[in-house]
Amino acid sequence: MWHILKYVARRGRITEPPPEPLAGARRPAHLIHDELLAILGRALAIRHVDAGSCNGCELEINALNNPYYNIEGLGIRFVASPRHADMLLVTGPVSRHMEVALRRTYDATPAPKLVVAVGDCGCNGGIFGESYASRGGVANVIPVDVTVPGCPPPPAELLAGILAAVRARPPVGEGEAAQADFAPGFN
């Protein structure tokens, strides 16, 4: 053990540098928070629905809650009930067993509701496609406002997709949000 401590004392800590952030992905937190308040008038409540994913996208969604992204500080929070949600964040290809549950969740979400399909599986079914056990992408079951492709998409792209959906949302009282696609690097 002393050998290891001497080695560490001589060399110091050796780590790799942090990755470079995506262009435009990191904006000052107060600007994002102010924009959300201007559009919604309050914090954004998101209900996450796993419609049959491999949990790769869930790991990236959970990373949004870590101190680096700190979406709670931006005025974005996850809720347990679709009745309290402004947005549904859906991952995975919709399995036949989750089809009814996803429709019920969508119906329970108050209008105007936003739907973001996450990952290649949520966008178009991914490697699973449509089969006897899968309905394919989320758009085959419920209307989708924004898609965030990637397998899995990084947290910065997830945040950009969430913000794109909020920006596409019409002011309260003007009906449902218009269809919008999100591609990394485009706002």
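The name an unreviewed UniProt entry gives the protein chain is Ni,Fe-hydrogenase III small subunit, with Aromatoleum tolulyticum as the organism. Word for word, the UniProt comment on the protein chain under Cofactor (unreviewed entry) is "[4Fe-4S] cluster". Under the UniProt heading Sequence similarities (unreviewed entry), the entry covering the protein chain gives this text: "Belongs to the complex I 20 kDa subunit family."

A short note on a nonpolar patch on the surface
Taken together, the side chains of Met1, Trp2 and Leu5 make up a nonpolar region of the molecular surface, amounting to roughly 450 Å² of accessible area. Along the chain, leucine 5 falls in helix α1 (residues 2-11). Note on leucine 5: relative accessible area 43%, which makes it partly exposed.

Concerning the pattern of salt bridges
Using the criterion set out here, one finds 2 salt bridges in the structure. In this structure, glutamate 99 engages arginine 103 in a salt bridge whose closest nitrogen and oxygen atoms are separated by 3.1 Å. Taken together, the positions of glutamate 99 and arginine 103, both in helix α4 (residues 96-108) and 4 residues apart, correspond to about one turn of that helix. Assessed through its relative accessible area of 14%, glutamate 99 is described here as buried.

Topic: the nonpolar core
Formed by 26 residues in total, the largest nonpolar core has its most connected members in Leu36, Leu44, Ile76, Met87, Val116 and Ile162. Top contributing element to this core by residue count: helix α6 (residues 155-168), with 7 residues. Each residue touching isoleucine 162, except ones within four places of it in the same chain, is listed here: Leu44, Ile46, Leu64, Ile76, Met87 and Leu89. Grouped together as the second largest cluster of nonpolar side chains are 13 residues, Val94, Leu102, Tyr106 and Ile142 included.

Considering the sheet that holds strand β4 (residues 114-118)
Taken in spatial order, the 5 strands of this open sheet run β2-β1-β3-β4-β5, and their pairing is parallel. Strands at the two margins of the open sheet, each flanked by one partner only, are β2 (76-78) and β5 (146-148). Strand-to-strand twist of the sheet, defined as the mean angle between neighbouring strand axes without regard to direction, takes the value 25°. Relative to β5, β4 runs parallel, the two being bridged by 3 bridges. Residue pairing across strands places alanine 117 opposite threonine 147, the latter belonging to β5. Running over the sheet, helix α3 (residues 56-63) touches β1 (44-50), β2, β3 (87-91) and β4 and is turned about 140° from β3. Helix-sheet contacts for α4 involve β1, β3 and β4, and the interaxial angle to β1 is about 170°.

Thresholds, definitions, all that
Residues numbered from 1 in each chain as written. Predicted model: local features only at pLDDT ≥ 70, side-chain atom pairs only at ≥ 80, totals over all residues. Heavy atoms only, no water. UniProt positions renumbered as here; feature names shortened; annotations may be inferred. Patch = residues over 30% accessible without salt bridge, like charges linked within 9 Å, V, L, I, M, F, W, Y side chains within 5 Å. Areas by Shrake-Rupley, 256 points an atom, 1.4 Å probe, with all protein chains shown as cover. Salt bridge = Lys/Arg side-chain N within 4 Å of Asp/Glu carboxyl O. Helix = DSSP H or I, 4+ residues; strand = E, 2+ residues; numbered from the N terminus. Buried < 20%, exposed > 50% of the residue type's maximum accessible area, 1.4 Å probe, protein only. Core = buried A, V, L, I, M, F, W, Y, C linked by side-chain atoms within 4.5 Å. Contact = heavy atoms within 4.5 Å. Pairing = 2+ DSSP bridges. Axes fitted to C-alpha atoms, helices over the stretch in contact; angles between N-to-C directions.

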